[in-house]
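# Per-entry structural report
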Amino acid sequence: MGILYDRCLEGAFEQLNLPTGSVNGVKIKGPAEEKNYILNLFKHDFNEFLQFDKSLFCENNFTTKGEPINVNSYNDYLEKRNNAYRRGVSLFTPVRLAVRRELLEKYDLFGFPEIGTDLYVTSRFRNLFMDKKDLGIQFISSNVEVLI
């Protein structure tokens, strides 16, 4: 998981609490010019901040959505997800994720790659970039409810 951003935004990103990882300068050559970017790749287990017993998941196929499923722990999640896949279910997705407040206090950007593909940002992250429309950052609401 990671984020790629223009070097001119480095100062803004330094104001945020990002997960630690490998931070590298990257040059990307386009047809007309070469641009400098920062690539921040991080591998962090954010699952420690999830409250699985307060979260809900759902078995989905491409055209149908199943009933919400409760899980008790990460291992229970893995077991129910793997059983669903063995039965031919296409997706086992979060409907609601309950996170511990410490997550939002510690990080401004996070995700749960084993659970879904969404990246989540805090209001601090969003407010820092919301007025900068020309940066190419677009915020899209997730279909997943996040509870604190």
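Read on for a plain summary of the structure.

Relative to the assigned elements, asparagine 40 resides in strand S3 (residues 34-41). Accessibility expressed as a relative area gives 4% for asparagine 40, which makes it buried. Those residues in contact with asparagine 40 that lie beyond four places of it in its chain are Met1, Gly2, Ile3, Tyr5, Leu18, Pro19, Gly21, Ser22 and Val23.

For the coordinates displayed, the defined rule picks out seven salt bridges. Two residues, glutamate 59 and arginine 87, come together in a salt bridge whose shortest N-O distance is 2.5 Å. Of this pair, glutamate 59 sits in strand S4 (residues 56-60) while arginine 87 sits in the loop between helix H2 (74-86) and strand S6 (91-98), and the two are 28 residues apart along the sequence. Given the relative accessible area of 22%, glutamate 59 is considered partly exposed. On the accessibility criterion, arginine 87 (52% relative accessible area) is exposed. A salt bridge links aspartate 76 to lysine 80; its shortest N-O distance comes to 3.4 Å. Of this pair, aspartate 76 and lysine 80 are both found in helix H2, four residues apart, which corresponds to roughly one turn of the helix. You can call aspartate 76 buried: its relative accessible area is 15%.

Thresholds applied
Residues numbered from 1 in each chain as written. Predicted model: local features only at pLDDT ≥ 70, side-chain atom pairs only at ≥ 80, totals over all residues. Heavy atoms only, no water. Helix = DSSP H or I, 4+ residues; strand = E, 2+ residues; numbered from the N terminus. Buried < 20%, exposed > 50% of the residue type's maximum accessible area, 1.4 Å probe, protein only. Contact = heavy atoms within 4.5 Å. Salt bridge = Lys/Arg side-chain N within 4 Å of Asp/Glu carboxyl O.

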